[in-house]
Amino acid sequence: EFLDRRPQRGSEEFGVRQGRREDEIAHVVKPRGEFRREVWFTGGMPQLLAVLASLILGILALLHTALVFGAPFGRLTWGGKHRVLPAGLRVASAFAVLGCIGSSIVMLSHVGLLSLVHGVWLVVTSWAVCAYFAIGTVRNAISKSKSERTTMSVVNLVLAVCALVVALSEYRDGPVSGESVTVAQ
């Protein structure tokens, strides 16, 4: 008899009992076998991938900063022709550092972890970042430099996938605070 009176998971009574209002129950998970857009493009997945991409972009920014100051890692970038970059490519690496920082800001803003970019501008730049990394994947995959093909094409592919999930996710205006917990029925 006691089991019959317990609230069922996903019911309004269960949500209220757990301290959640009815309007905070985010969505119902679809049955197995159907594409689960909720899993990939809502909730914490876009945020996780935006943070992952930002970490990778931070490492790339450090690499390009080292290249600006003459580090011998030039084979990984800019076609792989130079071990130490000439002056012109050092300037390009300085701009690449700015691009890495800008891409991180766009992705983190799109998922609501930063609030530096807003509105239509943010949506457009999110898709531009996604396209840039997709093109970069192809560009690095056909490079004459083996080092660039094997490392940077994979890095760009990971960044392109992260940027795609972020661009497809719901745009959040402002930092995320106290999001509701998703309850499955």
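In what follows, the structure referred to is the one given above.
1. Side note on the packing of helix α4 (residues 45–68) against helix α5 (residues 87–110)
Point 1. Remark: α4 packs on α5, axes separated minimally by 8 Å, with the N-to-C direction vectors making an angle of 165°. When the axis of α4 is compared with that of α5, the two are roughly antiparallel. The crossing of α4 and α5 is left-handed. Of the residues in α5, those in contact with Ala50, Val51, Ala53, Ser54, Leu57, Leu60, Ala61, His64, Thr65, Leu67 and Val68 of α4 are Arg90, Ser93, Ala94, Ala96, Val97, Cys100, Ser103, Ser104, Met107 and Leu108.

2. Quick look at the environment of Arg83
Point 1. Mapped onto the elements, Arg83 comes out in the loop between α4 and α5.
Point 2. Residue classification places Arg83 among the partly exposed positions, given a relative accessible area of 47%.
Point 3. Counting along the chain gives 13 residues from Arg83 to Gly70, while the straight-line C-alpha distance between them is 9.3 Å.

Parameters at a glance
- Residues numbered from 1 in each chain as written.
- Predicted model: local features only at pLDDT ≥ 70, side-chain atom pairs only at ≥ 80, totals over all residues.
- Heavy atoms only, no water.
- Axes fitted to C-alpha atoms, helices over the stretch in contact; angles between N-to-C directions.
- Helix = DSSP H or I, 4+ residues; strand = E, 2+ residues; numbered from the N terminus.
- Parallel < 35°, antiparallel > 145°, perpendicular 65-115°, else oblique.
- Left-handed = near helix turned anticlockwise from the far one by under 90°.
- Contact = heavy atoms within 4.5 Å.
- Buried < 20%, exposed > 50% of the residue type's maximum accessible area, 1.4 Å probe, protein only.

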